[in-house]
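The lines below spell out each chain.
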Amino acid sequence: MPLTRKAYRAAILHSLADPAEVGIEASYEYFEDGLLVIENGRISALGHAGDLLPRLPADIDITHYQDALITPGLIDTHIHLPQTGMVGAYGEQLLDWLNTYTFPCESQFADKAHAEEVADVFIKELLRNGTTTALVFGSVHPQSVNAFFEAAEKLDLRMIAGKVMMDRNAPDYLTDTAESSYQQSKALIERWHGKGRLHYAVTPRFAPTSTPEQLALAGQLLGEYPDLYMQTHISENKQEIEWVKALFPERDGYLDVYDHYKLLGERSVFAHGVHLCDEECARLAETGSAVAFCPTSNLFLGSGLFNLPMAEKHKLNVGLGTDVGGGTSFSLLQTLNEAYKVMQLQGARLSPFKSLYLATLGGARALRLEDRIGTLQPGTDADFIVLDYNATPLLSYRLKQANNIAETLFVLMTLGDDRTVLQTYAAGNRVHQR
Ligand code: GUN
Ligand code: ZN
């Protein structure tokens, strides 16, 4: 195969570590005039343009961006594909919101053509927002996941998804059974898990909508295949937590339900965790599990404020999630804007470099993919984005007053959204152009 080598010159920024562990200065690498070299879908070099250019062939194809910042592609650790059509649904908190809006919307995915149409809209929206990897909930219908993976495979995206398992406390038109959910998940795993850059996630919706038999089979699946993911919801809403206690009186709280059914582990991602206690954070950390912090959703559904400092204290892996359609934006930049305010309301700060970490390397670590995505280290997948400093008149004007990369980054996260993403690259291919 002929070598395809390309280079991209711009300001370049990526995370190296969690600022909570190494301090802010050691947590990132910034090249004011940087060069990113891509060979066959992977990053082959990163450095100062002045250092790298003399070592490259004179005829190499270089794209030079002025007034732009290259960062790794963003990573969304919690989002629902079949809720694309109901973002911004008025008035309810979690349990009523599910019954009033979510379940009827998800029921439309019984129709394969509908699933294909929405998968297309959903993937375009991810890429328009600079999200190159997402951990995705399908609906209860296997075709929702087939449609998503078929579309993701065409673009060679690194994506993780699973069919919802849900066999009680939901309308009949939207439930499976313990046995059918096991068989359908197994068939999807056989077809998709490890194909190209795709991975499968066993997806019990949340404890209230699964029987003990279904949760046991979810745990069994995790034992049957290597490197499977598990995604579910936890401790998002106070009524939800009381309901779980009533449904599982023999268990010692919400997390213990999942623990009992062997659903914790290094590839397990629990969405929300707004009301987790110290012991639960410790147990999640001990098992290598991760939490998806979903600030726009937690605010929109009135769920509460995620305690990031507590998670940091326990060295718990945390990624960022939009949680569309409970969340109100596909943009992880806008999600960081809200995350900052959630910290402010708790008397804490979210530094721009911690924000960058959460949306990139932190998400990659939550998904155990840090050797492939989340940074611009040579050898990793060429998934990166180009952020445009002149995306809007206000952004352009405001960034002219910024004195350093910390300020620039913070303003990008506060004023930025899909308009800020000029281009998105996956495996070295341009998959979005604004
Ligand atoms: N808990 C169970 N299902 C859902 C869902 O679809 N969205 C959110 N935000 N929480 C849930
Ligand atoms: Zn969710």
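Residues numbered from 1 in each chain as written. Chains lettered and ligands numbered in written order. Predicted model: local features only at pLDDT ≥ 70, side-chain atom pairs only at ≥ 80, totals over all residues. Heavy atoms only, no water.

Student: Just checking my understanding: could you explain the side chain of D388 for this structure?
Tutor: Relative to the helices and strands, D388 is located in strand β14 (residues 384-388). Within the structure, D388 has its side chain in polar contact with the backbone nitrogen of N390 (distance 2.8 Å). Dropping the residues within four chain positions of it, D388 is found in contact with D67, L395, T420, L422 and R434. (Helix = DSSP H or I, 4+ residues; strand = E, 2+ residues; numbered from the N terminus. Polar contact = N/O pair within 3.5 Å; in protein donor to acceptor, adjacent residues only side chain to side chain. Contact = heavy atoms within 4.5 Å.)

Student: Explanation requested: the pairing of strand β7 (residues 159-162) in the structure shown.
Tutor: Look at any regular strand and the pattern is simple: side chains alternate between the two faces of the sheet. Across the two faces of β7 the burial is the same, with M159 and A161 and I160 and G162 all buried. One ladder, built from three bridges, connects strand β6 (residues 131-137) with β7; its direction is parallel. Within the sheet, the bridge partner assigned to L135 lies in β7 and is I160. Note that the unit made of β6, helix α5 (residues 142-154) and β7 has a crossover that is right-handed. (Buried < 20%, exposed > 50% of the residue type's maximum accessible area, 1.4 Å probe, protein only. Pairing = 2+ DSSP bridges. Right-handed = clockwise from strand over helix to strand, strands pointing away.)

Student: Even after reading the chapter, I still don't get the coordination of the zinc ion (ligand 2), so can you show me in this structure?
Tutor: Ideal geometry at a metal gives 109.5 degrees between four tetrahedral donors and either 90 or 180 degrees between six octahedral ones. With distances of 2.0 to 2.3 Å, the protein atoms coordinating the zinc ion (ligand 2) are H78 (NE2), H80 (NE2), H233 (NE2) and D323 (OD). Around the zinc ion (ligand 2) sit four donor atoms, and with donor-metal-donor angles ranging over 87 to 170 degrees the site reads as irregular. Here the donor residues of the zinc ion (ligand 2) are spaced in sequence according to H-x1-H-x152-H-x89-D. The burial state of H78 is the same as that of H80; both residues are buried. (Donors = N, O, S within 2.8 Å, 3.2 Å for Na, K, Ca; no water. Tetrahedral: all angles 85-135°; square planar, octahedral: opposite > 155°, others 65-115°.)

Student: Quick question: what am I supposed to make of the pairing of β6 here?
Tutor: Among the seven residues in β6, seven count as buried, and that is most of the element. Here five bridges tie strand β5 (residues 74-80) to β6, and the two strands are oriented parallel to one another. Within β6, the residue paired with H80 across the bridge is F137.

Student: Would you explain the packing of aromatic side chains in this entry?
Tutor: A ring pair, where both rings are aromatic, is described by two values, the distance of the centres and the angle of the planes. Across all of its chains, the model carries 13 aromatic pairs by this definition. Pairing F206 with W243 gives two aromatic rings, centres 6.5 Å apart and planes at 75 degrees, and the pair type is edge-to-face. Of the two residues, F206 is situated in the loop between β9 (198-204) and α7 (212-224) and W243 in helix α8 (residues 238-247); the sequence distance between them amounts to 37 residues. We classify F206 as buried; its relative accessible area is 3%. Using a relative accessible area of 28% as the deciding quantity, one classes W243 as partly exposed. A ring pair is formed by Y254 and Y258, whose centres lie 5.6 Å apart and whose planes are at 35 degrees; its orientation type is tilted. (Phe/Tyr/Trp six-rings, centres within 6.5 Å; stacked < 30°, edge-to-face > 60°.)

Student: What is the right way to read the sheet that holds strand β1 (residues 5-15) from this model?
Tutor: The strands that make up a sheet are held in pairs by hydrogen bonds between backbone atoms, and each pair lies either parallel or antiparallel. A sheet is described by the order of its strands in space; here seven strands give the open sequence β3-β2-β1-β4-β14-β15-β16, paired in mixed fashion. Looking at which strands have only one partner, the edges of the open sheet turn out to be β3 (42-48) and β16 (429-433). Pairwise comparison of adjacent strand axes, ignoring direction, gives a mean angle of 35 degrees for this sheet. For strand β15 (residues 421-426) and β16, the ladder comprises four bridges, and the chain directions are antiparallel. Looking across to β16, one finds that Y425 is bridged to R430. Across the sheet, helix α14 (residues 352-359) is in contact with β1 and β2 (28-39); its angle to β1 comes to roughly 125 degrees. (Axes fitted to C-alpha atoms, helices over the stretch in contact; angles between N-to-C directions.)

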